[in-house]
Amino acid sequence: MNLSFEHVTLGQRVLFGTGAAAANLAAEVGRLGAQRVMVIAWDRETPVARTVAADIKVALWHHDVVMHVPIEVAEKARAAAAEAGIDLLVCVGGGSTTGLAKAIGMTSRLPIIAVPTTYAGSEATNVWGLTESSRKTTGVDDAVLPVTVIYDVALTLSLPVEMSVASGLNGMAHCIDSMWGPRVDPINAALGAEGIRALSRGLPLIAEDPSSTEGREQALYGAYLSAVAFASAGSGLHHKICHVLGGTYNLPHAQTHATVLPYVLAFNAPAAPDAAARIAAAFGTADALTGLQDLRKRIDAPKALADYGFTADGIAEAVAIILPAVPASNPRSVTVENLTRLLQTALTGEDARVLLDL
Ligand code: NAD
């Protein structure tokens, strides 16, 4: 790897402590001097959010959260924040909830404290996403980067195993895709590798026992590292594919990432031997794809896009939308033919090894 590089580190406080979310939040609200706090939490996460917000004064609760942040949902939340004279946003939940806080922060420039309950990692990136007329748009704006992230493993214990696995593999996708992202550098590659190690240690422990504190800690720590690596390296081929599948066909975010990842790894690994060796070393296996596939087997990972509502009819359109967005940094040249093959294999859940010799 070339040791002449430019790396930007995003500034953010990270507080990691099991059972400490409420105390950490109260301290952060005090430190920031906020008077009018809006807490954003999906209905399902509201009981958890209430425990997290137990020691602060909440001016406004907001529960209208929808995955992929439809613009109408964002506009309503922005209006509610403005009307209530909010000076701090607190989001408690997964990437959808964090995404809504970011949509408000984008236009209002209000600071955000994120309290994540999944492994999506949005809390550690300056990337926002909005969906309008079935097209998802993303962008980068430092104003949407939460000023503080409060991680508390106790809040993730209720995340069902299936969602933990899918979400953890979403984190894994951040790590692996960072290895050939447009701004890959030795720092984000090192963070990504440590993220792979931590997630591959944590996820099998969670699959065996969802109340495993060690498993949850490793997964949450790995999810944070994965997001820092991803925010720094930028979206690679994997993210460009999943972004189109999620936004255009409304596929579930984490499951889509979890399903597509081995196909992108098999597709790119032969053309990126250094990245592949680094990924393999992080898994502790002889080659990168074996590491990922062994892990996927142990945790019963999602297998086929067909299981999440994608159909063969969508492939040609998806290819046409994805192709112009593929970054020039991708190690392998991407064509209509090979991208179509990649999506066909991901659709049916065929063995990803067929892409190694494509
Ligand atoms: P999510 O936030 O939609 O949550 C998925 C499901 O898990 C929901 O049903 C939710 O209610 C449930 N859930 C969350 N925490 C729980 C808990 N502790 N216990 C029980 N159930 C719980 O899904 P996600 O995968 O976390 O986030 C997906 C969204 O995040 C997408 O819109 C994606 O685009 C966005 N995202 C953005 C970035 C970024 O950098 N901007 C990064 C990753 C993901």
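Residues numbered from 1 in each chain as written. Predicted model: local features only at pLDDT ≥ 70, side-chain atom pairs only at ≥ 80, totals over all residues. Heavy atoms only, no water.

Counting secondary structure elements, the protein contains 13 helices and eight strands. For the protein, the C-alpha radius of gyration of 19 Å lies close to 21 Å, the compact-globule estimate for 358 residues. Structurally, the protein occupies a C-alpha span of about 60 × 45 × 40 Å along its principal axes. The buried share among the 358 residues of the protein stands at 56%. Put simply, 74% of the contacts in the protein that link residues at least 6 apart link residues at least 24 apart. Of the roughly 13900 Å² of accessible surface on the protein, 53% is carried by carbon and sulfur atoms. One way to put it: in the protein the 25 positive side-chain charges average out to a point 2 Å from where the 34 negative ones average out. (Helix = DSSP H or I, 4+ residues; strand = E, 2+ residues; numbered from the N terminus. Rg over C-alpha atoms; globule rule 2.2 N^0.38 Å. Buried < 20%, exposed > 50% of the residue type's maximum accessible area, 1.4 Å probe, protein only. Contact = heavy atoms within 4.5 Å. Areas by Shrake-Rupley, 256 points an atom, 1.4 Å probe, with all protein chains shown as cover. Lys, Arg positive; Asp, Glu negative; His and termini not counted. Charge placed at Lys NZ, Arg CZ, Asp CG, Glu CD.)

Attention now goes to the sheet that holds strand 3 (residues 58-62). Spatially, six strands are ordered 1-8-5-4-2-3 in an open sheet, and the strand pairing comes out parallel. On the outer flanks of this sheet lie strand 1 (13-16) and strand 3, each paired with one strand and no other. Across this sheet, the average inter-strand angle for adjacent strands is 15°, counted without regard to direction. Judged from the five bridges that link them, strand 4 (residues 88-93) and strand 5 (residues 112-116) form a sheet pairing that is parallel. Residue pairing in the sheet places Val90 in a bridge with Ile113 of strand 5. (Pairing = 2+ DSSP bridges. Axes fitted to C-alpha atoms, helices over the stretch in contact; angles between N-to-C directions.)

On to the packing of aromatic side chains, then. Tallied over the entire structure, the rule returns three aromatic pairs. Measuring from ring centre to ring centre gives 5.6 Å for Phe16 and Tyr151, while their planes differ by 35°; the resulting arrangement is tilted. Taken together, the residues span a long stretch of sequence, with Phe16 in strand 1 and Tyr151 in strand 8 (residues 148-151) at a distance of 135 residues. Given the relative accessible area of 0%, Tyr151 is considered buried. Between the aromatic rings of Tyr249 and Phe310, the centroid separation amounts to 5.2 Å while the plane-to-plane angle is 70°, which identifies the pairing as edge-to-face. With Tyr249 in helix 8 (residues 237-249) and Phe310 in the loop between helix 11 (288-299) and helix 12 (315-322), this residue pair connects regions lying 61 residues apart in the sequence. Classification of Phe310 by relative accessible area gives buried; the value is 3%. (Phe/Tyr/Trp six-rings, centres within 6.5 Å; stacked < 30°, edge-to-face > 60°.)

A few words on the nonpolar core. With 65 residues, the main nonpolar core has Met172 and Ile241 as its most contacted residues. Counting residues per element, this core draws most heavily on helix 9 (residues 253-268), at eight residues. Shared between two domains, this core holds at least three residues of each, these being domain 1 (13-156) and domain 2 (161-355). Excluding anything up to four places from it in sequence, Met172 contacts Ile196, Leu199, Ser200, Leu261, Phe283, Leu292 and Leu295. With 24 residues, the next largest nonpolar core counts Ile86, Ala101, Ala103 and Ala114 among its residues. (Core = buried A, V, L, I, M, F, W, Y, C linked by side-chain atoms within 4.5 Å. Domains from an automatic or database assignment.)

As a further point, take the domain arrangement of the protein. Structurally, the protein comprises domain 1 (13-156) and domain 2 (161-355). For domain 1 versus domain 2, the separation of C-alpha centres amounts to 25 Å. Residue-level contacts link 21 residues of domain 1 with 29 residues of domain 2. Together, the buried faces of domain 1 and domain 2 total about 2100 Å²; carbon and sulfur atoms form 67% of this surface. Considering only the side of domain 1, the residues that lose the most area to domain 2 are His68, Tyr119 and Lys136, jointly responsible for 32% of the buried surface there. (Buried area = accessible area lost by both parts, 1.4 Å probe.)

Once that is clear, we can look at the environment of Gly234. With respect to the element layout, Gly234 can be found in the loop between helix 7 (213-233) and helix 8. For Gly234, a relative accessible area of 7% translates into the label buried. For Gly234 and Ala272, which are 38 residues apart along the polypeptide, the C-alpha to C-alpha distance reads 17 Å. Apart from residues no more than four positions distant in its own chain, Gly234 is found in contact with Gly181, Pro182 and Arg183.

Further remarks concern the environment of Ser164. You can see Ser164 is positioned in helix 5 (residues 161-178). Take Ser164: its relative accessible area is 0%, and that puts it in the buried class. Setting aside its immediate chain neighbours within four residues, Ser164 contacts Tyr119, Leu159, Leu203, Ile206 and Arg216.

Quick look at the site of the ligand now. Around the ligand sit 23 residues in total, of which Ser96, Thr117, Thr118, Thr125 and Lys136 are the nearest. Residue Gly95 places a main-chain N or O atom 2.8 Å away from an oxygen atom belonging to the ligand. The separation between an oxygen atom of the ligand and a polar side-chain atom of Thr118 is 2.6 Å. By residue number, the principal contributor to the shell around the ligand is helix 4 (residues 95-108), which donates three residues. Looking at the shell around the ligand residue by residue, the class counts come to nine nonpolar, 10 polar and four charged. Both domains that furnish three or more residues to the shell around the ligand are identified here as domain 1 (13-156) and domain 2 (161-355). (Near = heavy atom within 4 Å. Polar contact = N/O pair within 3.5 Å; in protein donor to acceptor, adjacent residues only side chain to side chain. Nonpolar A, V, L, I, M, F, W, Y, C, P; charged D, E, K, R; others polar.)

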